[in-house]
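What follows is the residue order along each chain.
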Amino acid sequence: MDSLIDKYNIPGPRYTSYPTVPYWDESTFSSEKWRESVIRSFHESNAEEGISIYIHLPFCEALCTFCACHKRITKQHSVEIPYLESVLKEWKLYLELFEERPKLKELHLGGGTPTFFSPKNLKTLLEGIFETVEIAEHPEFSFEGHPNNTTRDHLQTLYDLGFRRVSFGVQDYDPKVQKAINRIQSFENVKNVTEWAKEIGYRGISHDLVFGLPHQSWDAMEHTIRKTMELKPDRLAFYSYAHVPWVKGVGQRGFDENDLPTGEEKRRLYEDGKKLLENLGYIEVGMDHFSLEHDDLYQSLIHKKLHRNFMGYTSSNTQLMVGLGMSAISDSWYAFAQNVKTVEEYQKIIEEGKIPVVKGHILDEEDLTVRRHILNLMCQLETTFTDKNSFPELENAFEMLKEMERDELVEIYDSQIKITEKGRAFTRNVAMVFDLRMMRNKPETRIFSMTI
């Protein structure tokens, strides 16, 4: 395994989209084309599957130095109401594109720190959206909660509004690791919010753990996993730390590069962690995610309904996902669009009555084909080609995969490839073989985190 790590530990995307953001072709994109794609997708999908909404809530009281998300650090809670008013105004701009009432299937509050906002203000935001939509049958509403500031009132308020899933960021319980990443939180805080969520009735309670953090050892990782098992969350995200210090504002120079585990050490953290999680009853779902058998995420995998988008893995699939808020990314299936990345500019453009999109990508026929194959690989660990000759470069991908087959990472058939159990750790590498835009335009500088 060590030799495979050396061979395949290269910079690569996580494929929450295809094409990935660095390869969006902005020359063919316009706000008008974006609106047209939203209208098309809405007409095709709203009546049956409904739509998804992602709301980016960017404020945090402190900077976690492992985080590469778009956020604003402040302790001034006076920013809450003006920001939420802008989000509701942005949503009204999208409503003007729709000829009928949207059916809301999926809603996610991400950040930043959604629980930076008071329960009262979150209720005002959500009721403002709910009064304009029809709630689909069996909706999937979820939010990210910080264990240090999520209150029982947060959990009860959101539960009463239809939320049944919550994800708590744990990362690691080792004090030295927590200090290095500036994320000091006790097991007691995590225990409190997890038990409150269970008592209130949440299902799909998730804990986020991260391997590869500075100063992290196997002893620390094992301790974190075993402490997590005391609370038995329904699912776990077991993420690889993405070291991207070149991204503005991530604060990842707060520790020395030598403090990070080596590639081999990091992979062992994953392999041993995965083994321990499986021994404790968790099943690997997709990439980086584990769940208990009863959880919706596992059931979606079994029934081949698992989906992946900018919100990560989801147990439901909608064609149209509208991203609201600063830096939020939207997906109409036919196009991607990202909002401006500062709070001030976002609010200014909203006040001008415009959808605050700053860049995007219109998918062509080839993009749509490749996207489907990469989604299949990321969600089902296999993909089938009905006519691989339609795109000669995809046939070349099969040639490139033969070396992976020799390394027992994939199995290749006439019109199908399957990722093996051994190859699951290298899923990103397999998907990269099909990334035609990246193959044609190899980056001159490093723009992605390492795959291992």
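In this text, all values refer to a predicted model and were calculated from it rather than measured experimentally. (Residues numbered from 1 in each chain as written. Predicted model: local features only at pLDDT ≥ 70, side-chain atom pairs only at ≥ 80, totals over all residues. Heavy atoms only, no water.)

*Asks:* Before we go on, may I ask you to explain the overall build of the chain in this structure?
*Replies:* Within the chain one finds 15 helices and 19 strands. By its C-alpha atoms, the chain is 55 × 50 × 40 Å across when sized along the principal axes. Looking at the chain as a whole, 58% of its 452 residues are labelled buried. Accessible surface computed for the chain: about 18,900 Å², of which carbon and sulfur atoms make up 48%. For the chain, the distance from the average position of its 55 positive side-chain charges to the average position of its 71 negative side-chain charges is 2 Å. (Helix = DSSP H or I, 4+ residues; strand = E, 2+ residues; numbered from the N terminus. Buried < 20%, exposed > 50% of the residue type's maximum accessible area, 1.4 Å probe, protein only. Areas by Shrake-Rupley, 256 points an atom, 1.4 Å probe, with all protein chains shown as cover. Lys, Arg positive; Asp, Glu negative; His and termini not counted. Charge placed at Lys NZ, Arg CZ, Asp CG, Glu CD.)

*Asks:* What am I meant to see in the sheet that holds strand β18 (residues 410–412) here?
*Replies:* Note: strands within a sheet are paired through backbone hydrogen bonds, in either parallel or antiparallel orientation. Read from one edge to the other, the open sheet built from 3 strands follows the order β17-β19-β18, with strand pairing classed as antiparallel. This sheet does not close on itself; its edge strands, each paired only once, are β17 (382–384) and β18. For this sheet, the mean angle separating the axes of adjacent strands, direction not counted, is 10°. Relative to strand β19 (residues 416–419), β18 is paired through 3 bridges, and the arrangement is antiparallel. Residue pairing in the sheet places I412 in a bridge with I417 of β19. (Pairing = 2+ DSSP bridges. Axes fitted to C-alpha atoms, helices over the stretch in contact; angles between N-to-C directions.)

*Asks:* Sorry if this is basic, but what is going on with the UniProt feature "binding site: [4Fe-4S] cluster" (unreviewed entry) in the chain here?
*Replies:* Cross-referencing UniProt, the feature "binding site: [4Fe-4S] cluster" (unreviewed entry) maps to C60, C64 and C67 in the present numbering. Within the fold, C64 resides in the loop between β2 (59–60) and β3 (72–73). On the basis of relative accessible area, C64 is assigned to the buried category, the value being 12%. Among the secondary structure elements, C67 is positioned in the loop between β2 and β3. Owing to a relative accessible area of 17%, C67 belongs among the buried residues under this scheme. (UniProt positions renumbered as here; feature names shortened; annotations may be inferred.)

*Asks:* Sorry if this is basic, but what is going on with the packing of helix α7 (residues 187–200) against helix α8 (residues 218–231) here?
*Replies:* Working note: a packed helix pair is described by the angle between its axes plus the distance between those axes. Two elements in contact, α7 and α8, have axes separated by 10 Å at closest approach and are oriented at 30°. Regarding the angle of α7 to α8, the classification is roughly parallel. Here the hand of the crossing between α7 and α8 comes out right-handed. Only K227, E230 and L231 of α8 make contact with α7, whose side of the interface consists of F187, V190, K191, T194 and K198. (Parallel < 35°, antiparallel > 145°, perpendicular 65-115°, else oblique. Left-handed = near helix turned anticlockwise from the far one by under 90°. Contact = heavy atoms within 4.5 Å.)

*Asks:* Sorry if this is basic, but what is going on with α7 here?
*Replies:* Because the α-helix completes a turn every 3.6 residues, residues three or four places apart line up on one side. For α7, built from 14 residues, the straight-helix expectation of 20 Å at 1.5 Å per residue is met to within 8% by its first-to-last C-alpha distance of 20 Å. Residues of α7 that are buried include every one of F187, V190, V193, T194, A197 and I200, and no others. Buried positions along α7 lie against α5 (152–160), β6 (165–171), β7 (205–211) and α8. Phi turns positive, to about 125°, at G201, one or two residues after α7. (Expected span 1.5 Å × (residues − 1).)

*Asks:* Any chance you could explain the environment of Y334 here in plain terms?
*Replies:* On the secondary structure map, Y334 appears in the loop between β14 (329–331) and β15 (335–339). Under the relative-accessibility criterion, Y334 is labelled buried at 16%. In this structure the C-alpha to C-alpha distance between Y334 and H361, which are 27 residues apart in sequence, comes to 8.7 Å. Not counting chain neighbours up to four residues away, the residues in contact with Y334 comprise S37, R40, E44, Q319, H361, I362, L363 and L368. Of the polar contacts made by the side chain of Y334, one reaches the side chain of R40; its length is 3.4 Å. (Polar contact = N/O pair within 3.5 Å; in protein donor to acceptor, adjacent residues only side chain to side chain.)

*Asks:* Would you mind showing me how to read the domain arrangement of the chain here?
*Replies:* Reports of interface size often rely on the accessible area that becomes lost once the parts have come together. With domains assigned, the chain is organised as domain 1 (21–362) and domain 2 (365–440). Centre-to-centre, using C-alpha coordinates, domain 1 lies 27 Å away from domain 2. The interface is formed by 24 residues belonging to domain 1 together with 16 residues belonging to domain 2. Summing both sides of the interface, domain 1 and domain 2 together bury roughly 1,700 Å²; the carbon and sulfur share of this comes to 52%. Three residues stand out in domain 1 for area buried against domain 2, namely Y23, M287 and W333, and they jointly supply 36% of the buried area on that side. The tally of links from domain 1 across to domain 2 stands at 3 salt bridges. Notably, a salt bridge pairs E421 with K274, separated by 3.2 Å at the nearest N-O pair. For the side of domain 1 that touches domain 2, the elements supplying multiple residues, two or more each, are α9 (263–279), β9 (283–285), β11 (307–309) and β16 (357–362). (Domains from an automatic or database assignment. Buried area = accessible area lost by both parts, 1.4 Å probe. Salt bridge = Lys/Arg side-chain N within 4 Å of Asp/Glu carboxyl O.)

*Asks:* Explanation requested: helix α3 (residues 80–95) in the structure shown.
*Replies:* Between the first and last C-alpha of α3 there are 23 Å, a value that for 16 residues agrees with the 22 Å anticipated at 1.5 Å per step. Along α3, the positions that sit buried rather than exposed are E80, Y83, L84, S86, V87, L88, E90, W91, L93 and Y94.

*Asks:* In this structure, what is going on with the environment of F238? I would like to understand it.
*Replies:* Looking at where F238 falls in the secondary structure, it is placed in strand β8 (residues 235–240). When the C-alpha positions of F238 and A180 are compared, they lie 19 Å apart, and in sequence the two are 58 residues distant. Those residues in contact with F238 that lie beyond four places of it in its chain are L209, F211, M221, L269, Y270, G273, K274, L277, D288 and F290.

*Asks:* Which parts of the structure should I look at to understand the UniProt feature "binding site: S-adenosyl-L-methionine 2" (unreviewed entry) in the chain?
*Replies:* The UniProt entry lists F66, C67, A68, G112, T113, Q171, R183, D208 and A242 under the feature "binding site: S-adenosyl-L-methionine 2" (unreviewed entry), expressed in the numbering used here. Apart from the residues lying within four places of it in its own chain, the contact partners of T113 are L57, F59, C60, H146 and N149.

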